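Survey of secondary and tertiary structure
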Amino acid sequence: MLQKIYDWIDDRIDITPIWRDIADHEVPEHVNPAHHFSAFVYCFGGLTFFVVVIQILSGMFLTMYYVPDIENAWKSVYYLQTEVAHGQIVRGMHHWGASVVIVMLLLHTLRVFFQGAYKKPRELNWIVGVLIFFIMLGLGFTGYLLPWDNKAFFATQVGLEIAEQVPFIGTQLKTLLSGDPSIVGAQTLTRFFAIHVFFLPAALFGLMAAHFILIRRQGISGPL
Amino acid sequence: MHKGKGMKFVGDSRISAERKPNVPKDYSEYPGRTEAFWPNFLLKEWLVGAVFLAGFLTLTLAHPSPLEGVADPTNAAYIPLPDWYFLFLYELLKYEFASGDWTILGILVLPGIAFGGLLLAPFLDNGPGRRPHQRPIAVGMMILGLASVMWLTYESAAHVDWESRAEANKPIPASDVEIDTEDPGYAIYENSCLQCHGDDLQGGGAAPALIGTEHSAEEIATIAVEGIGSMPPEQFQGSDEELQQLVDFIVSVNEQAE
Ligand code: HEM
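The model shown is predicted, which means the values in this text are computed figures rather than measured ones.

**Quick notes on the overall build of chain A**
Along chain A, the regular secondary structure elements total nine helices and one strand. Listing every helix and strand of chain A by position from the N terminus yields α-α-β-α-α-α-α-α-α-α. Referenced to the eigenvectors of the C-alpha coordinate spread, the extents of chain A come out at roughly 55 × 50 × 35 Å. When each of the 224 residues of chain A is scored for burial, the buried share is 48%. Restricting the contact set of chain A to residue pairs at least 6 apart, pairs at least 24 apart contribute 66%. Of the roughly 11,000 Å² of accessible surface on chain A, a fraction of 71% belongs to carbon and sulfur atoms.

**Quick notes on the site of the ligand**
Residues and elements named next belong to chain A. The full set close to the ligand counts 25 residues, and Tyr-42, His-108, Arg-111, His-211 and Ser-221 are the nearest of them. Contact distances for the ligand include 2.6 Å between an oxygen atom and a side-chain N or O atom of Arg-111. With respect to the ligand, the side chain of His-211 contributes an N or O atom lying 2.8 Å from a nitrogen atom. Elements represented by at least two residues in the shell around the ligand include exactly helix 3 (43–62), helix 5 (87–114), helix 6 (123–145) and helix 9 (186–218). Within the shell around the ligand, the residues separate by chemical class into 14 nonpolar, nine polar and two charged.

**Considering the UniProt feature "domain: Cytochrome b/b6 C-terminal region profile" (unreviewed entry) in chain B**
As annotated by UniProt and renumbered to match this structure, "domain: Cytochrome b/b6 C-terminal region profile" (unreviewed entry) occupies residues 27–154 of chain B. Helix makes up 56% of residues 27–154 of chain B and strand 2%, whereas the separation of the span's terminal C-alpha atoms amounts to 48 Å.

**Describing the UniProt feature "transmembrane region" (unreviewed entry) in chain A**
Residues and elements named next belong to chain A. Feature annotation in UniProt places "transmembrane region" (unreviewed entry) on residues 39–67, 96–114, 126–146 and 192–215, given in this structure's numbering. Secondary structure content for residues 96–114 is 100% helix and 0% strand, and the end C-alpha separation is 27 Å. Annotation note: span residues 126–146, helix share 95%, strand share 0%, distance between end C-alpha atoms 31 Å.

**A closer look at the UniProt feature "domain: Cytochrome c" (unreviewed entry) in chain B**
In this structure's numbering, the residues bearing the UniProt feature "domain: Cytochrome c" (unreviewed entry) are residues 180–254 of chain B. End C-alpha to end C-alpha, residues 180–254 of chain B measures 12 Å, and it is 51% helix and 0% strand.

**Side note on the nonpolar core**
Ranked by size, the top nonpolar core spans 29 residues in total, and within it Met-104, Ile-132, Met-136 and Leu-204 of chain A carry the most contacts. Listing elements by their share of this core, those giving two or more residues are helix 3, helix 5, helix 6 and helix 9 of chain A together with helix 1 (37–62) of chain B. Other than its neighbours up to four places away in sequence, Met-136 of chain A contacts Val-52, Val-101, Leu-105 and Leu-204 of chain A. Grouped together as the second largest cluster of nonpolar side chains are 21 residues, Cys-193, Leu-201, Ile-211 and Ala-221 of chain B included.

**A look at the UniProt feature "domain: Cytochrome b/b6 N-terminal region profile" (unreviewed entry) in chain A**
Under the present numbering, the feature "domain: Cytochrome b/b6 N-terminal region profile" (unreviewed entry) in UniProt falls on residues 5–224 of chain A. Between the first and last C-alpha atoms of residues 5–224 of chain A the distance is 45 Å; the span itself is 71% helix and 1% strand.

**Side note on the pattern of salt bridges**
Applying the stated rule across the entire model yields 13 salt bridges over all chains. For Arg-19 of chain B, the salt bridge identified is with Asp-10 of chain A, shortest N-O distance 3.2 Å. Of this pair, Arg-19 of chain B sits in the segment before strand 1 (35–36) while Asp-10 of chain A is found in helix 1 (residues 2–13), placing the two residues in two different chains. We classify Asp-10 of chain A as buried; its relative accessible area is 3%. The salt bridge partner of Lys-174 of chain A is Glu-164 of chain A, with a shortest N-O separation of 3.7 Å. Separated by ten residues along the polypeptide, Lys-174 of chain A in helix 8 (residues 170–178) and Glu-164 of chain A in helix 7 (residues 150–164) bring together distant segments of the chain. The exposure class assigned to Lys-174 of chain A is buried, which follows from its relative accessible area of 7%.

**What about the confidence of the model for chain B?**
Reading fine detail from the predicted coordinates is not recommended where pLDDT is low. Residues and elements named next belong to chain B. Looking at chain B, pLDDT values average 89 and 97% of them are 70 or higher. Looking across chain B, the model is least confident in helix 6 (residues 162–168), with a mean pLDDT of 85, and most confident in helix 4 (residues 121–124), with 97. Both confidence scores are given for the complex: pTM 0.85, ipTM 0.93.

**Some details on the interface of chain B and chain A**
The partner chain A presents 79 residues to the 80 residues of chain B that form the contact. Here chain B and chain A share an interface that buries about 7,300 Å² over both sides, 67% of which is from carbon and sulfur atoms. In this structure, the connection of chain B to chain A is made through five salt bridges. When the shortest N-O distance is used, the salt bridge between Glu-29 of chain A and Arg-33 of chain B registers 3.1 Å. Seen at the junction of chain B and chain A, the total is 37 residue pairs in polar contact (both at pLDDT 80 or more). For the side of chain B that touches chain A, the elements supplying multiple residues, two or more each, are strand 1, helix 1, helix 3 (103–119), helix 4 and helix 5 (136–158) of chain B. For the side of chain B that touches chain A, the element with the most residues is helix 1 of chain B, which contributes 14 residues. Bridge analysis of strand 1 (residues 26–27) of chain A against strand 1 of chain B gives two bridges, and the strand direction is antiparallel. Directly across from Glu-26 of chain A, in strand 1 of chain B, lies its bridge partner Ala-36 of chain B.

About the cut-offs
Residues numbered from 1 in each chain as written. Chains lettered and ligands numbered in written order. Predicted model: local features only at pLDDT ≥ 70, side-chain atom pairs only at ≥ 80, totals over all residues. Heavy atoms only, no water. Helix = DSSP H or I, 4+ residues; strand = E, 2+ residues; numbered from the N terminus. Buried < 20%, exposed > 50% of the residue type's maximum accessible area, 1.4 Å probe, protein only. Contact = heavy atoms within 4.5 Å. Areas by Shrake-Rupley, 256 points an atom, 1.4 Å probe, with all protein chains shown as cover. Near = heavy atom within 4 Å. Polar contact = N/O pair within 3.5 Å; in protein donor to acceptor, adjacent residues only side chain to side chain. Nonpolar A, V, L, I, M, F, W, Y, C, P; charged D, E, K, R; others polar. UniProt positions renumbered as here; feature names shortened; annotations may be inferred. Core = buried A, V, L, I, M, F, W, Y, C linked by side-chain atoms within 4.5 Å. Salt bridge = Lys/Arg side-chain N within 4 Å of Asp/Glu carboxyl O. pLDDT = per-residue confidence, 0-100. Buried area = accessible area lost by both parts, 1.4 Å probe. Pairing = 2+ DSSP bridges.

Here it is in structure tokens:
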């Protein structure tokens, strides 16, 4: 049955070459922890991807309850945390995932750095990677405000004050982020929400696609 | 790919009518013990993912994610703190050479050099050797950078009393509780406690909320007279009867909040 469905689709859109392009690539011995235990350092990139998937899924469930306005944001998070079945766990996964993803990114970056894996011809992929790192920090900064509790509010206020001190464009930068040159309020929350769930994830997906295409093109770096 | 004359297509599309079999490449001629990613490698690697997921779920179950009281922009006593991975930048701005007249150094120049160096690492460290000892400058800079970030993070985090922060900022759904200002206990509360614990018992910069307190009625009475932690003694000065009214009032607000 499944085979028939597959054949039917394959007949129409020739899916096999696409599928083989995605799935079929070599895993050399030196990166395979089944053969060399120390090769676990090569797992950090894949684990980062795994946490990103957790973040996306848990985030999608959070938005089923979360309300991005200053009257209800905190209440919706409180409700999710205390009343909704498994809400505590879903929020917990997103909260801890945000920290774990930074840790995994750091480990992955250090693996690539200390192995000198960013050297020719992989310079571009390193740059893509560092941009991903910046996007992740941006996601952390904007996500921190969303529960609209005291630590969220005051940390964001400090962050925006720092942005304001940037020479020449400081005030504009702050206004762009918070919707007002001095108030951290309703506009700030909706902007941070939009940045957190639409702008930065879109950039992240684009960069991750570039990252993976480059890895497939170039193959993993050889043994040291 | 098949090209040129004699190609057959599906209908009027550009899909070739010739089917290719869906089989992995043969990796046996590759050096060492190379294997196919799908399915051979993945069939083992899911174990790593499973162990990781188990650890991750244990973490989320053991430590529920924190939520403080709803944002109160008028709370002037609140000491702001960013999430842990921004602490090093925050701490940097406390140094003399990175604040005041030198703020630009702290917010742009130093982080700019560090992150700019990271971004351009492949071009700064462009020799052919990949091993760490073949590129001592790059490796040295990275270790220096890592050590500074860790030191700054430690310096920042070590001076925070995390437990009392969490205690002082417990979440209370304010809307549910109505304070009965006619209650005889309220007048006593107003005189003795309101200044620090807030007009809705919601707490403030210097004192925790009294709603959701874990203390019993007797304990509350003792604390009002003898103080606790950073709360000085003799906040309440009055008769035993008034003390009883005060405690009854606080307990009744707590019962209502449940
Ligand atoms: C969402 C974030 C990221 C994901 C999901 C990701 C994923 C991966 C994966 C799966 C690999 C294959 C090898 C391995 O797993 O170690 C890889 C390789 C690589 N990554 Fe990342 N990565 C991310 C972020 C970064 C960052 C922040 C950097 C650098 C600053 C970076 C630089 C590189 C480079 C240069 C390679 C090629 C290394 C080689 O061929 O040995 N990546 N990445």
